[in-house]
Amino acid sequence: MRALIQRVTQASVTVEGNIIGQIGPGLLILICAMQGDGEKQADQLAAKIAKLRIFTDDAGKMNRSVKDIGGAVLVVSQFTLAADTSRGNRPGFSTAAAPADGERLYEYFANQMTAQDLPVQTGQFGADMAVDLTNDGPVTIWMDM
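Not measured: the values here are computed from a predicted model.

Q: Can you help me understand the packing of aromatic side chains in this one?
A: Describing an aromatic ring pair means giving the distance of the ring centres and the angle of the ring planes. Scanning the model with the defined rule gives 2 aromatic pairs in all. With centroids separated by 5.0 Å and ring planes inclined at 65 degrees, the aromatic side chains of Phe79 and Phe93 adopt a geometry described as edge-to-face. Of the two residues, Phe79 sits in the loop between strand S6 (72–77) and helix H2 (99–115) while Phe93 sits in the loop between S6 and H2, which places them 14 residues apart along the sequence. Given a relative accessible area of 31%, Phe93 falls into the partly exposed group. On the numbers, 6.0 Å between centres and 40 degrees between planes, the contact of Tyr106 with Phe125 is tilted. Remark: Phe125 occurs in the loop between strand S7 (120–122) and strand S8 (129–144) and Tyr106 occurs in helix H2; sequence separation between them is 19 residues. Classification of Tyr106 by relative accessible area gives buried; the value is 6%. By relative accessible area, Phe125 is classed as partly exposed at 28%.

Here it is in structure tokens:
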């Protein structure tokens, strides 16, 4: 699985003019299931992200996790993270999981984040979504499992 993690002061996702997910301080996680991914990768990624120390402590060092700050998580599916730009000018997405597998793993991943004792909001798989965020730092981290 592939994730783009952003430390945010706020984030929301809108579908057809309606806000369907919204958080205050925490993490916006853009997630993509790749071919060959399964629950093992989702489990590992969720556990790693929940413990990822990218929030500042009292000394200004990145030493606190989203759990440590009492933050929330907004999980948004984004198959374009599988983009292959190695040839030509139009990205290919053949390394992304098939839609049915991608949706299943997206939902499973969101549930695993909830199992990490985090408040979780989500986008809508396959929908045309508008994501609004205020990146804090900015801190943006790419992860593959």
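Q: What is the right way to read the nonpolar core from this model?
A: One broad rule of soluble globular proteins: the nonpolar side chains tend to lie buried together. Grouped together as the largest cluster of nonpolar side chains are 27 residues, with contacts concentrated most on Ile5, Ile29, Ile49 and Phe109. Counting only elements with at least two residues in this core, the list comes to strand S1 (2–15), strand S3 (26–32), helix H1 (39–51), S6, H2 and S8. Here Phe109 is in contact with Met1, Ile29, Ile31, Ala42, Leu45, Ala46, Ile49 and Val75, once residues within four sequence places are set aside. Grouped together as the second largest cluster of nonpolar side chains are 17 residues, Leu4, Val8, Cys32 and Met129 included.

Q: So what exactly am I meant to see when it comes to the pattern of salt bridges here?
A: Once the charged atoms of two side chains with opposite charge are near each other, the side chains can pair. Scanning the model with the defined rule gives 3 salt bridges in all. Between Arg2 and Asp144 there is a salt bridge, and its shortest N-O distance comes to 2.8 Å. Note that Arg2 is positioned in strand S1 and Asp144 in strand S8, a separation of 142 residues in sequence. When its relative accessible area of 18% is taken as the criterion, Arg2 is described as buried. Residue classification places Asp144 among the partly exposed residues on the basis of a relative accessible area of 42%. For Glu39, the salt bridge is made with Arg104, and the minimal N-O distance between the two is 3.8 Å.

Q: Looking at this structure, how should I read H2?
A: Two residues of an α-helix separated by three or four positions point the same way, owing to the 3.6 residues in each turn. With 17 residues, H2 extends 24 Å from end C-alpha to end C-alpha; this agrees with the ideal 24 Å at 1.5 Å per step. Of all the residues in H2, the buried ones are Gly102, Leu105, Tyr106, Tyr108, Phe109, Ala110, Gln112 and Met113. For H2, the elements touching its buried residues are S3, H1, S6 and S7. Looking at the residues trailing H2, positive phi occurs at Asp117, about 65 degrees.

Scoring rules and cut-offs
- Residues numbered from 1 in each chain as written.
- Predicted model: local features only at pLDDT ≥ 70, side-chain atom pairs only at ≥ 80, totals over all residues.
- Heavy atoms only, no water.
- Phe/Tyr/Trp six-rings, centres within 6.5 Å; stacked < 30°, edge-to-face > 60°.
- Helix = DSSP H or I, 4+ residues; strand = E, 2+ residues; numbered from the N terminus.
- Buried < 20%, exposed > 50% of the residue type's maximum accessible area, 1.4 Å probe, protein only.
- Core = buried A, V, L, I, M, F, W, Y, C linked by side-chain atoms within 4.5 Å.
- Contact = heavy atoms within 4.5 Å.
- Salt bridge = Lys/Arg side-chain N within 4 Å of Asp/Glu carboxyl O.
- Expected span 1.5 Å × (residues − 1).

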